[in-house]
Amino acid sequence: FDNFRADVEDIVQRGEYVIAAVVLRGRLRGSGEEVQLAEIHVWRLRDGLAVEVREYRTLDQALDAVGRAEP
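Conventions adopted
- Residues numbered from 1 in each chain as written.
- Predicted model: local features only at pLDDT ≥ 70, side-chain atom pairs only at ≥ 80, totals over all residues.
- Heavy atoms only, no water.
- Helix = DSSP H or I, 4+ residues; strand = E, 2+ residues; numbered from the N terminus.
- Buried < 20%, exposed > 50% of the residue type's maximum accessible area, 1.4 Å probe, protein only.
- Lys, Arg positive; Asp, Glu negative; His and termini not counted.
- Salt bridge = Lys/Arg side-chain N within 4 Å of Asp/Glu carboxyl O.
- Polar contact = N/O pair within 3.5 Å; in protein donor to acceptor, adjacent residues only side chain to side chain.
- Contact = heavy atoms within 4.5 Å.
- Core = buried A, V, L, I, M, F, W, Y, C linked by side-chain atoms within 4.5 Å.
- Arc of directions from axis to C-beta.

S.K.: How do you make sense of the side chain of Glu-39 when you look at a structure like this?
M.R.: Note on placement: Glu-39 falls in strand E3 (residues 34-46). Buried charge without a salt bridge: Glu-39, with Arg-57 as the nearest opposite-charge side chain at an N-O distance of 4.6 Å. For Glu-39, the side chain forms a polar contact with the side chain of His-41, separated by 2.7 Å. The residues touching Glu-39, leaving out its near neighbours within four places in the chain, are Ala-20, Ala-21, Val-22, Leu-24, Glu-55, Tyr-56 and Arg-57.

Structure (structure tokens):
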């Protein structure tokens, strides 16, 4: 990719987890075609450090994985 970037669109905290709605964007090398992919990244934090990162296609999948209830 050329000009690859990850744009954070929203962040939600659930206990030790931070859920980030992210759009990955870039331009394919050679063709110049622009692509984008929406993902949900789930970061598990311990003592201020990331100890685990998971990716999901939807917010519902991420919330099911970490729990829907607010802390």
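S.K.: In this structure, what is going on with unusual backbone geometry? I would like to understand it.
M.R.: The phi torsion of most residues other than glycine is negative, and most of the peptide bonds are trans. Positive phi outside glycine occurs at Asn-3, with the angle close to 55 degrees. Within the secondary structure, Asn-3 is located in strand E1 (residues 2-14). Positive phi is not limited to glycine here, since Asp-47 has a value of about 55 degrees. Assignment of secondary structure puts Asp-47 in the loop between E3 and strand E4 (49-56).

S.K.: What am I meant to see in the side chain of His-41 here?
M.R.: In this structure, His-41 sits in strand E3. Taking the relative accessible area as the measure of exposure, His-41 reaches 13% and is therefore buried. Sequence-distant contacts of His-41, defined by excluding residues within four places in its chain, comprise Val-18, Ile-19, Ala-20, Val-22, Arg-54 and Glu-55.

S.K.: Sorry, what's going on with the nonpolar core here?
M.R.: If you look at soluble globular proteins, the nonpolar side chains tend to sit buried side by side. Among the nonpolar cores identified, the biggest contains eight residues, and these are Tyr-17, Ile-19, Ile-40, Val-42, Tyr-56, Ala-62, Leu-63 and Val-66. Listed by contribution, the elements that provide at least two residues to this core are strand E2 (17-27), E3 and helix H1 (59-66). Sorting elements by how many residues they give to this core places H1 first, with three residues. When residues no more than four places from it in sequence are discounted, the contact partners of Val-42 are Tyr-17, Val-18, Ile-19, Glu-52, Val-53, Arg-54, Tyr-56, Ala-62 and Val-66.

S.K.: Got a minute to help me understand H1 in this structure?
M.R.: Owing to its 3.6 residues per turn, the α-helix brings residues three or four apart onto one side. Among all positions in H1, only Ala-62, Leu-63 and Val-66 are buried. Seen end-on, H1 carries its buried residues on one side only, within an arc spanning 95 degrees. Those residues of H1 that are buried are in contact with E1, E2, E3 and E4. Two residues or fewer past H1, Gly-67 is found with a positive phi of approximately 105 degrees.

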